[in-house]
Amino acid sequence: MSHVAARVGLVLDISGSMQPLYKNGTVQEVVERILAVACKFDDNATLDIWIYDNEFSRLNAATERDFDQYVVRNILNNNNIHKFGRNNEPPVMEDVIRKYTIEEDSSIPAFIIFINDGGVLKSIKKVIAEASLKPLFWQFVGIGDSDFEVLKKLDTMEGRIVDNANFIHIKDIASVSDETLYNQLLNEFPLWLKAATDKGIIYK
């Protein structure tokens, strides 16, 4: 995948159950490790970031120049954003779609990494199905001990022109090596790139 170009977005669950992972540095580590993916794929080497609970916010993009203490500076110490409420995924997903297909419409596909610790609303299926015509791939990452019932069924969803979503469960992301993490994150993205190109959703 060394010649692949993609815009990379990161969506972070900031519902109440995620609070310990923000406080202990786990989410900061996630930002840093996903930024490495963005630096590989994105010409601007920037990682677009959203956070969501029952509300959502677009944050400043992370770059190699300013990723240090990103979570403390842009999230924990930011009083303008809602945090540690309940989870509601569809609104933030619609905003991701809006950014990459309307505001910044481009022939370059978007690779969206979506971090969640459980309790995803079933209504995300409708959003994913409708987005299957768009140049976006959703890589959901479950962390923690939940069963992730909804996310486990993404691969068998019907009503899509291509399979545009994948789910992996990493119980303790801090304990996973870079090689293992990136292999899992990027496992289905190249398959989607080929299928989406074959269907005319993205162009070479």
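Residues numbered from 1 in each chain as written. Predicted model: local features only at pLDDT ≥ 70, side-chain atom pairs only at ≥ 80, totals over all residues. Heavy atoms only, no water.

**Student:** It is not clear to me how helix 8 (residues 189-198) should be interpreted in this structure. Could you clarify?
**Tutor:** Side chains that are three or four residues apart share a direction in an α-helix, a result of its 3.6 residues per turn. Phe 189, Trp 192, Leu 193 and Ala 196 are the residues of helix 8 that are buried. For helix 8, the arc enclosing every buried residue in end-on projection is 105°, short of the 170-degree limit, so these residues lie on one face. The exposed set on the far side of helix 8, more than 90 degrees from its buried face, consists of Leu 191, Lys 194 and Asp 198. In this structure, the buried side of helix 8 is in contact with helix 2 (26-41), strand 5 (110-116) and strand 6 (136-143). (Buried < 20%, exposed > 50% of the residue type's maximum accessible area, 1.4 Å probe, protein only. Helix = DSSP H or I, 4+ residues; strand = E, 2+ residues; numbered from the N terminus. Arc of directions from axis to C-beta. Contact = heavy atoms within 4.5 Å.)

**Student:** When you look at the layout of surface pockets in this model, what are you seeing that I'm missing?
**Tutor:** The volume enclosed by the largest pocket comes to roughly 170 Å³. Lining the largest pocket are 11 residues, with Pro 109, Leu 193, Thr 197, Ile 202 and Tyr 203 positioned closest to its centre. Split by residue class, the lining of the largest pocket holds 7 nonpolar, 2 polar and 2 charged. (1 Å grid on protein atoms, 1.4 Å probe; cavity = no way out; pocket = protein on both sides within 12 Å on 5 of 7 lines; lining within 4 Å. Points joined across faces, edges and corners; volume = space filled by probe spheres on them. Nonpolar A, V, L, I, M, F, W, Y, C, P; charged D, E, K, R; others polar.)

**Student:** Hey, could you run me through the environment of Asp 145 in this one?
**Tutor:** Relative to the helices and strands, Asp 145 resides in the loop between strand 6 and helix 6 (149-152). Between the alpha carbons of Asp 145 and Tyr 70 there is a distance of 26 Å; along the sequence they are 75 residues apart.

**Student:** I keep staring at the pairing of strand 2 (residues 46-52) and nothing clicks. Help me out?
**Tutor:** Side-chain direction in a regular strand flips from residue to residue, so the side chains alternate between the two faces of the sheet. The element strand 2 is largely enclosed, with a buried count of 7 among its 7 residues. Here strand 2 shows no split at all, with Thr 46, Asp 48, Trp 50 and Tyr 52 on one side and Leu 47, Ile 49 and Ile 51 on the other all buried. Bridging between strand 1 (residues 7-13) and strand 2 involves 5 bridges; their strand directions are parallel. In the sheet register, Leu 12 faces strand 2, and the bridge partner there is Ile 51. Sheet topology note: the strand 2/strand 4 (residues 62-63) ladder contains 2 bridges and is antiparallel. By the bridge assignment for strand 4, Leu 47 is matched with Ala 62. Where strand 2 and strand 3 (residues 56-58) come together, 3 bridges link them in antiparallel fashion. Of the residues in strand 3, the one forming a bridge with Trp 50 is Arg 58. Two successive antiparallel strands, strand 2 and strand 3, enclose a turn made up of 3 residues. (Pairing = 2+ DSSP bridges.)

**Student:** So what exactly am I meant to see when it comes to the pairing of strand 6 here?
**Tutor:** Burial runs high along strand 6: 8 of the 8 residues are buried. Residues of strand 6 alternate between two faces, with Leu 136, Trp 138, Phe 140 and Gly 142 on one and Phe 137, Gln 139, Val 141 and Ile 143 on the opposite face, all of them buried. Relative to strand 6, strand 5 runs parallel, the two being bridged by 7 bridges. The residue bridging Ile 115 from the neighbouring strand is Val 141, located in strand 6. Assessed by its sense of winding, the connection that carries the chain from strand 5 through helix 5 (residues 124-130) to strand 6 is right-handed. (Right-handed = clockwise from strand over helix to strand, strands pointing away.)

**Student:** Looking at this structure, I do not really get the nonpolar core. What am I missing?
**Tutor:** Leu 10, Leu 12, Tyr 22, Leu 47, Ile 49 and Ile 75 are the most contacted members of the largest nonpolar core, which has 43 residues in total. It is helix 2 that contributes the most residues to this core, 8 residues altogether. Membership of the second largest hydrophobic core comes to 27 residues, among which are Tyr 100, Val 120, Ala 129 and Met 157. (Core = buried A, V, L, I, M, F, W, Y, C linked by side-chain atoms within 4.5 Å.)

**Student:** How should I be thinking about the pattern of salt bridges in this particular structure?
**Tutor:** Opposite charge on two side chains lets them pair, provided their charged atoms get close. On inspection of all chains with the given rule, the structure shows 11 salt bridges. The partner of Glu 103 in a salt bridge is Arg 58, and the shortest N-O contact between them spans 2.8 Å. Of this pair, Glu 103 sits in helix 4 (residues 89-103) while Arg 58 sits in strand 3; the two residues are 45 residues apart in sequence, bridging distant segments of the chain. Looking at Glu 103, the relative accessible area reads 45%, which means it is partly exposed. (Salt bridge = Lys/Arg side-chain N within 4 Å of Asp/Glu carboxyl O.)

**Student:** Looking at this model, I keep getting lost on the packing of helix 2 against helix 7 (residues 178-185). Mind explaining?
**Tutor:** Packed helices, taken two at a time, are described by the angle their axes make and the gap between the axes. With their axes 12 Å apart at the nearest point, helix 2 and helix 7 run at an angle of 60° to one another. The orientation of helix 2 relative to helix 7 falls into the category oblique. When you trace helix 2 past helix 7, the crossing you get is right-handed. Residue-level inspection shows Arg 33, Ile 34, Ala 36 and Val 37 of helix 2 in contact with helix 7, the latter providing Asp 178, Leu 181, Tyr 182 and Leu 185. Split into classes, the residues belonging to the contact of helix 2 with helix 7 amount to 6 nonpolar, no polar and 2 charged. (Axes fitted to C-alpha atoms, helices over the stretch in contact; angles between N-to-C directions. Parallel < 35°, antiparallel > 145°, perpendicular 65-115°, else oblique. Left-handed = near helix turned anticlockwise from the far one by under 90°.)

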